[in-house]
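Here's the letter readout for the chains.
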Amino acid sequence: MTPDTIKEAMQALASADRDIGRAYPLVGAPAPRQRDQGFATFFSTIVSQQLSTEAARAIMSRVNTLLPELHAQAVMDVEGQALRDAGLSWRKIEYAKGLAEAELAGTFSADGLEQLSDDEAIAAITQLRGFGRWSAEIYLMFSLKRLDIFPADDLALRVALGRLKGMDDKPTPRQARQLVEHWSPWRSVGSLFLWHYYRGEPL
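Keep in mind the model is a prediction, meaning the values are calculated, not measured.

Colleague: Which parts of the structure should I look at to understand the overall build of the protein chain?
Modeller: Scanning the protein chain for helices and strands turns up twelve helices and zero strands. Reading the protein chain from its N terminus to its C terminus gives the helix and strand order α-α-α-α-α-α-α-α-α-α-α-α. For the protein chain, whose C-alpha radius of gyration is 19 Å, the value lies close to the compact-globule estimate of 17 Å for 203 residues. Projected onto the principal axes, the alpha-carbon positions of the protein chain cover approximately 55 × 35 × 30 Å. With 203 residues in all, the protein chain has 44% of them scored as buried. If you take every contact in the protein chain between residues at least 6 apart in sequence, the share linking residues at least 24 apart comes to 64%. Of the roughly 10500 Å² that the protein chain leaves accessible, carbon and sulfur atoms contribute 49%. In the protein chain, the 23 positive side-chain charges and the 26 negative ones have mean positions that sit 6 Å from each other.

Next up, the structure:
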């Protein structure tokens, strides 16, 4: 998502939703975000689950020293204890080995996701152990640059949406999806805006 794409999307969203139209001039447009595609990003997603950014970064630094080329065969070949010593839990090692095994067996292809529809890509990712719908949707948004994704399981998104809509409480994931249906085909940018609004909500 480039700044120009975000600008175009925000203009469309502000026209389609009066609450965004009200908030957009107050907090401005969100900044673009993107991540690399491929196996290494899926591996780092496993590492970062339920950890602070700083802790995950420290573990990934040790993993990159252990495995300078982070690909499926390298993960399969390395001893589990070596990954444990780098800071991964045994559960995360199990997930990482499962990811590598699926990649090598051809039952999952990180590079092949780009050719799939949104629903197909989410289905392919969530059949991996350790990857729920939220992880899949975040990958689609930031690595595949899909423009119409709304990760409704994200707590901050739902809190921000509740505030934006003047609700007494945050909506459920199902309610949130219904509330933003009319944001299509720009729901990824709408999600970026909600995270931006969450941090900079005007009083």
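The rest of the description comes next.
Colleague: Just to check I follow, could you spell out the pattern of salt bridges for this structure?
Modeller: Side chains that carry opposite charge are capable of pairing whenever their charged atoms lie near each other. Considering all chains together, one arrives at eight salt bridges under this definition. Residue Glu94 pairs with Arg91 through a salt bridge whose shortest N-O separation is 4.0 Å. Taken as a pair, Glu94 and Arg91 lie in helix H7 (residues 90-105) at a separation of three residues, close to a single helical turn. Note on Glu94: relative accessible area 37%, which makes it partly exposed. Between Glu94 and Arg129 there is a salt bridge; the shortest N-O distance is 2.0 Å. In this pair, Glu94 sits in helix H7 while Arg129 sits in the loop between helix H8 (118-126) and helix H9 (133-142), placing the two residues 35 residues apart along the sequence. Where salt bridges share partners, they join Asp17, Asp19, Arg22 and Lys165 into one cluster.

Colleague: Sorry if this is basic, but what is going on with unusual backbone geometry here?
Modeller: Residues other than glycine predominantly adopt negative phi, and peptide bonds predominantly adopt the trans conformation. The step from Ser184 to Pro185 runs through a cis peptide bond, and the omega angle for that step is 10 degrees. Within the secondary structure, Pro185 sits in the loop between helix H11 (173-179) and helix H12 (187-200). Positive phi, close to 60 degrees, is recorded for Lys145, a residue that is not glycine. Residue placement: Lys145 occurs in the loop between H9 and helix H10 (155-164). Overall, Lys145 belongs to the partly exposed group, its relative accessible area being 38%.

Colleague: Is there a simple way to explain the environment of Tyr139 in this structure?
Modeller: For Tyr139, the location among the structural elements is in helix H9. Relative accessible area serves as the criterion here: at 1%, Tyr139 is assigned to the buried category. Each C-alpha atom of the pair Tyr139 and Arg35 lies 8.1 Å from the other, and the pair is 104 residues apart in sequence.

Colleague: I tried to follow the packing of H9 against H12 on my own but got confused; where do I start?
Modeller: Packed helix pairs are characterised by how far apart their axes lie and by the angle those axes make with each other. Viewed as axis vectors pointing N to C, H9 and H12 meet at an angle of 105 degrees, and their least axial separation amounts to 10 Å. It follows that H9 is roughly perpendicular to H12 by the angle criterion. Contact residues: H9 offers Ile138, Met141 and Phe142, while H12 offers Ser188, Ser191, Leu192 and Trp195. Per-class residue counts for the contact of H9 with H12 are five nonpolar, two polar and no charged.

Cut-offs applied
- Residues numbered from 1 in each chain as written.
- Predicted model: local features only at pLDDT ≥ 70, side-chain atom pairs only at ≥ 80, totals over all residues.
- Heavy atoms only, no water.
- Helix = DSSP H or I, 4+ residues; strand = E, 2+ residues; numbered from the N terminus.
- Rg over C-alpha atoms; globule rule 2.2 N^0.38 Å.
- Buried < 20%, exposed > 50% of the residue type's maximum accessible area, 1.4 Å probe, protein only.
- Contact = heavy atoms within 4.5 Å.
- Areas by Shrake-Rupley, 256 points an atom, 1.4 Å probe, with all protein chains shown as cover.
- Lys, Arg positive; Asp, Glu negative; His and termini not counted.
- Charge placed at Lys NZ, Arg CZ, Asp CG, Glu CD.
- Salt bridge = Lys/Arg side-chain N within 4 Å of Asp/Glu carboxyl O.
- Axes fitted to C-alpha atoms, helices over the stretch in contact; angles between N-to-C directions.
- Parallel < 35°, antiparallel > 145°, perpendicular 65-115°, else oblique.
- Nonpolar A, V, L, I, M, F, W, Y, C, P; charged D, E, K, R; others polar.

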